[in-house]
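Residue strings, one per chain:
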Amino acid sequence: MTENHEAGTSADHAECGHTEQGSSHAPHEGVQPEASAPGVDSADEVMSAASTRIKELEAQLSEEHDRWVRSEAEMQNLRTRTKREIDDARQYAVQKFARDVVEAAENLRRGLASLPAPAENEDSVITKMREGIESTERSFLSILERHGVIAHDPSGQAFDANHHQAMAEQPSAEHANGTVMQAWTPTWTLHGRLLKPAMVVVAKNEGGQA
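Described in the following lines is the structure provided in the data block.

Criteria and cut-off values
Residues numbered from 1 in each chain as written. Predicted model: local features only at pLDDT ≥ 70, side-chain atom pairs only at ≥ 80, totals over all residues. Heavy atoms only, no water. Axes fitted to C-alpha atoms, helices over the stretch in contact; angles between N-to-C directions. Helix = DSSP H or I, 4+ residues; strand = E, 2+ residues; numbered from the N terminus. Parallel < 35°, antiparallel > 145°, perpendicular 65-115°, else oblique. Left-handed = near helix turned anticlockwise from the far one by under 90°. Contact = heavy atoms within 4.5 Å. Buried < 20%, exposed > 50% of the residue type's maximum accessible area, 1.4 Å probe, protein only. Expected span 1.5 Å × (residues − 1). Arc of directions from axis to C-beta. Phe/Tyr/Trp six-rings, centres within 6.5 Å; stacked < 30°, edge-to-face > 60°. Lys NZ or Arg CZ within 6 Å of the ring centre and 35° of its normal. 1 Å grid on protein atoms, 1.4 Å probe; cavity = no way out; pocket = protein on both sides within 12 Å on 5 of 7 lines; lining within 4 Å. Points joined across faces, edges and corners; volume = space filled by probe spheres on them. Polar contact = N/O pair within 3.5 Å; in protein donor to acceptor, adjacent residues only side chain to side chain.

1. Points about the packing of helix α3 (residues 95-114) against helix α4 (residues 124-146)
- Where α3 meets α4, the closest approach of the two axes is 10 Å, and the angle between their N-to-C directions is 155°. Relative to α4, the element α3 lies roughly antiparallel. You can see that α3 and α4 cross each other, and the crossing is left-handed. In this structure, α3 uses V101, A104, A105, L108, R109 and L112 to contact α4, whose residues at the interface are R130, I133, E134, T136, E137, F140, L141 and L144.

2. Concerning the environment of P186
- Relative to the assigned elements, P186 resides in the loop between β3 (180-183) and β4 (187-190).
- Those residues in contact with P186, other than ones at most four positions away along the chain, are E106, A151, H152, P154, K196, P197 and A198.

3. Describing unusual backbone geometry
- You will see that H191, though not glycine, has its phi angle at about 55°, which is positive.
- Looking at the element boundaries, H191 is found in the loop between β4 and β5 (193-196).
- Classification of H191 by relative accessible area gives partly exposed; the value is 37%.

4. A word on α3
- Under the 1.5 Å per step criterion, the end-to-end length of α3 is 29 Å for 20 residues, consistent within 8% with the ideal 28 Å.
- If you check which residues of α3 are buried, you get Q95, A98, V101, V102, A105, E106 and L112. Buried residues in α3, looked at end-on, bunch into an arc of 155°, giving them a common side. Opposite the buried face of α3, by more than 90 degrees, sit the exposed residues K96, F97 and S114.

5. Section: the packing of aromatic side chains
- Under the definition given, this model contains zero aromatic pairs.
- Looking at R193, its charged tip hangs above the ring of Y92, at a distance of 3.6 Å from the centre.

6. Remarks on the layout of surface pockets
- Each pocket or cavity is described by its volume, and for the largest pocket that value is around 310 Å³.
- In terms of lining, the largest pocket is formed by 14 residues, of which the most central are R109, A183, W184, T185 and P186.
- Broken down by secondary-structure element, the contributors of at least two residues to the lining of the largest pocket are α3, α4 and β1 (149-152).
- In terms of residues, the lining of the largest pocket owes the most to one element, α3, which gives four residues.

7. Structural notes on α4
- Between the first and last C-alpha of α4 there are 33 Å, a value that for 23 residues agrees with the 33 Å anticipated at 1.5 Å per step.
- Within α4 the residues assigned to the buried category are R130, I133, E137 and L144.
- Elements that come into contact with the buried residues of α4 comprise α3, β1 and β4.
- Where α4 starts, the residue carrying a side-chain oxygen 2.8 Å from the main-chain nitrogen of V125 turns out to be D123.

Structural measurements only, silent on function.
See below:
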């Protein structure tokens, strides 16, 4: 009895071992094959999103740069225009005063014109007066020129309505039609800009001589 029991037990153990060993190698039902490496798809998505974002930022940077360039150009134009306006204001701020000053210069010229023509036996007082007024006029004109106020004699030039004011028109066979044959006052300019037009007499040539 004892031997049969031990033999049966050993057989049972052998069978169980064989069953366990065989079951350890058998595939389990319902188990899926192993998937691709985790994180690969998500990494590609991150890189794609980053590339898209970089392109968006580059486009935005280019747009901001263009806007800055335009703004800088506008500011430069504004600075140039403002500087020119300031320079003009500085140069021509005294225009009204300068126009009054040239009246004094013209009065000096009228004073000289009112004196008798120079003569050998003229009174010394008249001679000294003429010399004094001429010296004062030269000094005065020199001061005006240093400040941009220039006198231009239009005699012999073609009449220009932008710089001359016709006070009279006289027939003349010696001058071309429309020529300034006499200037009562000069043309005055301030830094090249007309300050006061010349008062002139214009020739009228009946024959239409040019």
